[in-house]
Amino acid sequence: MLIAIPLYVFLFAYFVFLAIFIFFAIMNIYHILVTASFTFTSFLVTFLILAATIIVFYFTWYLTRNTDWQATATVFNTDWFSASSNYNF
Amino acid sequence: MIISHLIKQKDYEKVLFVLRRHPITFVPQIILFIILLSVPFVMYFLFQNLYTNFFNNTILEPISVLVASAYYLGVLLFFYGQFIDFYLDLWIVTNDRVVDIEQKGLFARTISEVDLYRIQDVTTEIHGFIGTIFNYGDVIIKTASNNSEVVFIDVADPNFLRHKLIEMSQEDRKYHSNEA
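Residue positions are counted from 1 within each chain, in the order its sequence is given. Chain letters start at A and ligand numbers start at 1, both assigned in the order the entries are written. Side-chain atom pairs in this predicted model are given and counted only at pLDDT of 80 or more, local residue features only at pLDDT of at least 70, and totals for whole chains, interfaces and linings cover all residues.

Peer 1: Describe in detail the overall build of chain B, supporting the description with residues and values.
Peer 2: Counting from the N terminus, the helices are DSSP H or I runs at least four residues long and the strands are E runs at least two residues long. Tallying secondary structure elements over chain B gives five helices and seven strands in all. For chain B, the sequential pattern of α-helices and β-strands runs α-β-α-α-β-β-β-β-α-β-β-α. Atoms considered for the radius of gyration are the C-alpha atoms alone. The globule rule reads 2.2 Å times the number of residues to the power 0.38. Here chain B has a C-alpha radius of gyration of 24 Å; the compact-globule value for 180 residues is 16 Å, and the former is much larger. Along the longest, intermediate and shortest principal axes, the C-alpha atoms of chain B span 85 × 35 × 25 Å. Exposed residues have 12 or fewer other C-beta atoms within 10 Å of their own C-beta, buried residues have 20 or more, and residues in between are partly exposed; the C-beta atoms are placed from the backbone. Looking at chain B as a whole, 25% of its 180 residues qualify as buried. Residues are defined as contacting one another if the C-beta atoms placed from their backbone atoms lie within 7 Å. Here the analysis covers contacts within chain B between residues at least 6 apart in sequence; of these, 51% occur between residues at least 24 apart.

Structure, rendered in structure tokens:
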């Protein structure tokens, strides 16, 4: 038995995580605004977090720009086990 | 929003202190953040030395990039959440009352206030070597009316605050006794 899934499934999972990330990041910024805590310190930390997020996005795009997302990744194959059980010591 | 809106400041009220935890108490979270940031680099060098072809694999490489990216975003979010939890704990002292705003995680916040003239006892606690060196600690305010207390956690210069609170409480008590 072989289970193979296309790479774009991982990309979709990543986008779902991204949506959760954006939701929580917005919630954090909202908290800063409603609790009268928008100061230089909170601005600086928010700016650094946003800058780091943009850097992470850039490198993610840069390192995966030539990826063929239609390619399939084998996540389970019974041959792996049969190959190891037939292994001759 | 500004502080006067947050506490619904009265006409005669003046905000005297806006207190937060001492910045030095956030250093452990910064160290943890740096350690967490370095984990993928360590993993990368480990995999490159143990499995030389790992990052040449056209399937594994993009998956590992996505996992590393999600990990970094998770670490950034975790650090930001820690900062919010640290920074949004706020104590506001006015010439009329003490307002205690405590952020508990992302979806819980408690706000309580104590009138200055009700303050019965103010205690300071400075713990440990770092607290002594950087002069920060807890200020515990107990009221006369019930057993409730407000605690300023890890604020800078707690002894100065204790003096000021006692002084202001006595002044406010005089004002309220004259009024009665």
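Read on for the rest.
Peer 1: Describe unusual backbone geometry, and please don't skip the residues or the numbers.
Peer 2: Residues and elements named next belong to chain B. Its identity as a non-glycine residue notwithstanding, Asn135 has a phi of 55 degrees, on the positive side. You can see Asn135 is positioned in the loop between helix H4 (128-134) and strand S6 (136-143). For Asn135, a count of 14 C-beta atoms within 10 Å translates into the label partly exposed. Look at Asp154: it is not a glycine, yet its phi comes out positive at around 50 degrees. Structurally, Asp154 can be placed in strand S7 (residues 149-156).

Peer 1: Lay out the interface of chain A and chain B in plain terms, naming residues and giving numbers.
Peer 2: The interface of chain A with chain B comprises 29 residues on the first partner and 25 residues on the second. Among the elements that line the side of chain A that touches chain B, the one with the most residues is helix H1 (residues 7-34) of chain A, at 13 residues. Residues were grouped as follows: Ala, Val, Leu, Ile, Met, Phe, Trp, Tyr, Cys and Pro as nonpolar; Asp, Glu, Lys and Arg as charged; and all remaining residues, including Gly, as polar. Among the residues making up the side of chain A that touches chain B, the classes are represented as 19 nonpolar, ten polar and no charged.

Peer 1: Could you give an account of the sheet that holds strand S5 (residues 119-125) of chain B, naming the residues involved and the relevant values?
Peer 2: Residue and element names in this part refer to chain B. Should DSSP find at least two bridges between two strands, the strands are taken to pair. Taken in spatial order, the three strands line up as S5-S6-S7 in an open sheet, and their pairing is antiparallel. The open sheet has two free edges, formed respectively by S5 and S7, since each of these has just one partner strand. Sheet twist, expressed as the mean angle between neighbouring strand axes with direction ignored, is 15 degrees. Pairing of S5 with S6 involves six bridges; the strand directions are antiparallel. Counterpart to Glu125 in the pairing with S6 is Asp138. All axes are obtained by fitting lines to C-alpha atoms, using only the stretch in contact for helices, and the reported angles, taken between N-to-C directions, cover 0 to 180 degrees.

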